[in-house]
Amino acid sequence: PVGAAEFVPAGADLDTVRAAAAGCRGCDLYRNATQTVFGEGPADAPVVMVGEQPGDQEDTQGQPFVGPAGRLLDRALGEAGFDREAVYLTNAVKHFKFAERGKRRIHKQPSRTEVVACSAWLATELELVAPELVVCLGAVAAKAILGPSATVGELRGQVVQRPDYRITGTVHPSSVLRAPDRTTAYADFLDDLAYIRHTAG
Ligand code: URA
Ligand code: SF4
């Protein structure tokens, strides 16, 4: 495993980079997954939202956030006043990592090594889209963007200024689906997105 960097074409536009990502073998995750799931959205989106990795449905359909977590995110974005079509959605890791349990494929969290291996794609997306605001959805995204000691807690309701963009975050939409008290978890998620919508201007 060599990391994604050597697969990233130099000086290319987003569509060319996306096409190159389809052939990435920068870590072992491409072996068992169906396909690379690259980010989607306007190439000049002012807001980029970063998830963890594609899930089962994203893996088969080849698009980010089209499964259960994506539907929850869609609904919450709409309720918070975002136009999903105006947001660039991507993931820290571009291949689905899973364990097979019978016929089901159970999500496994990517390792730090895999996140780092894949980081050249995310870095290139951020460089080309050049958003004003980067929203980390969950801990894996927060660590991918800010480093291994970052947490979601320190990003919720707050903005970190970086030279190229501002960074904020909230929980991953999957965590809302798994929460014992889903109603409260969803309301908290909506509050965060309303703050983010406000801060995005
Ligand atoms: N979870 C993510 O983090 N990303 C997706 O694209 C889907 C589910
Ligand atoms: Fe490449 Fe990322 Fe897929 Fe690993 S997970 S093969 S680094 S695109």
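On a predicted model such as this, the values are computed, not experimentally measured, just so you know.

1. Details of the layout of surface pockets
Right, on to step 1. What the largest pocket holds in volume is close to 740 Å³.
Right, on to step 2. The set of elements that each furnish at least two residues to the lining of the largest pocket consists of α2 (56–61), α3 (68–79), β4 (104–107), α5 (139–146) and α6 (173–178).

2. A few points about the site of ligand 2
Right, on to step 1. Around ligand 2, the structure places Ala4, Cys24, Gly26, Cys27, Leu29, Tyr30, Val93, Lys94, His95, Ala117, Cys118 and Trp121.
Right, on to step 2. Of all the cavities here, the one that holds ligand 2 is the largest cavity.
Right, on to step 3. Residue classes in the shell around ligand 2 are distributed as nine nonpolar, two polar and one charged.

3. A word on the site of ligand 1
Right, on to step 1. Looking at ligand 1, the residues that line it are Gly51, Glu52, Gln53, Pro54, Gly55, Glu58, Pro64, Phe65, Asn91 and His172.
Right, on to step 2. Taking Phe65, its main chain carries an N or O atom lying 2.9 Å from an oxygen atom of ligand 1.
Right, on to step 3. At 2.6 Å from a nitrogen atom of ligand 1 is found a side-chain nitrogen or oxygen belonging to Asn91.
Right, on to step 4. Relative to its unbound accessible area of 230 Å², ligand 1 is 94% covered by the protein chains.
Right, on to step 5. Judged by the proximity of its atoms to the pocket grid, ligand 1 belongs to the largest pocket.
Right, on to step 6. Here the shell around ligand 1 is built from residues that sort into three nonpolar, five polar and two charged.

Each value, and the rule that gives it
Residues numbered from 1 in each chain as written. Chains lettered and ligands numbered in written order. Predicted model: local features only at pLDDT ≥ 70, side-chain atom pairs only at ≥ 80, totals over all residues. Heavy atoms only, no water. 1 Å grid on protein atoms, 1.4 Å probe; cavity = no way out; pocket = protein on both sides within 12 Å on 5 of 7 lines; lining within 4 Å. Points joined across faces, edges and corners; volume = space filled by probe spheres on them. Helix = DSSP H or I, 4+ residues; strand = E, 2+ residues; numbered from the N terminus. Near = heavy atom within 4 Å. Sits in = over half its atoms within 2 Å of the grid points. Nonpolar A, V, L, I, M, F, W, Y, C, P; charged D, E, K, R; others polar. Polar contact = N/O pair within 3.5 Å; in protein donor to acceptor, adjacent residues only side chain to side chain. Areas by Shrake-Rupley, 256 points an atom, 1.4 Å probe, with all protein chains shown as cover.

Spatial relationships are all this shows, so hold off on functional conclusions.
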